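Descriptive structure summary
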Amino acid sequence: MPEDELAEINGILPKRVIADGEEVEARSMTSRSKSVYKVKRTWDHFYCTCPVSAVALNARSLMV
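Residues numbered from 1 in each chain as written. Predicted model: local features only at pLDDT ≥ 70, side-chain atom pairs only at ≥ 80, totals over all residues. Heavy atoms only, no water.

**Brief notes about the overall build of the protein chain**
Check the secondary structure of the protein chain and you find 0 helices and 4 strands. Sequence-ordered secondary structure for the protein chain, helices as α and strands as β, is β-β-β-β. Considering the protein chain as a whole, with its 64 residues, one finds that 17% of them fall into the buried category. A fraction of 19% describes how many contacts in the protein chain between residues 6 or more apart in sequence connect residues 24 or more apart. Carbon and sulfur atoms provide 57% of the accessible area of the protein chain, an area that totals close to 5,400 Å². (Helix = DSSP H or I, 4+ residues; strand = E, 2+ residues; numbered from the N terminus. Buried < 20%, exposed > 50% of the residue type's maximum accessible area, 1.4 Å probe, protein only. Contact = heavy atoms within 4.5 Å. Areas by Shrake-Rupley, 256 points an atom, 1.4 Å probe, with all protein chains shown as cover.)

So, in structure tokens, the structure goes:
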């Protein structure tokens, strides 16, 4: 099986690698909010139920 091409982008390693098709929960980092959002990966796109993410995000576009 080929190595996951998103395990490292331009030498930057993510805190966590989400497998293709996997869905995980992410807690809000704001101190006042206790919200929990779902993040799902579909190939190189990530979908989130958070209010900021109205569209799918390409993994490479997240690396600024």
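**Digging into the pairing of strand S3 (residues 45-48)**
For strand S2 (residues 36-42) and S3, the ladder comprises 4 bridges, and the chain directions are antiparallel. Bridged to Val39 within S3 is Cys48. (Pairing = 2+ DSSP bridges.)

**Observations concerning unusual backbone geometry**
You will see that Asn10, though not glycine, has its phi angle at about 55 degrees, which is positive. Here Asn10 shows up in the segment before strand S1 (23-27). The exposure class of Asn10 is exposed, given its relative accessible area of 74%. Of note, Trp43 is a non-glycine position whose phi angle comes to about 55 degrees, a positive value. Turning to its location among the elements, Trp43 is positioned in the loop between S2 and S3.

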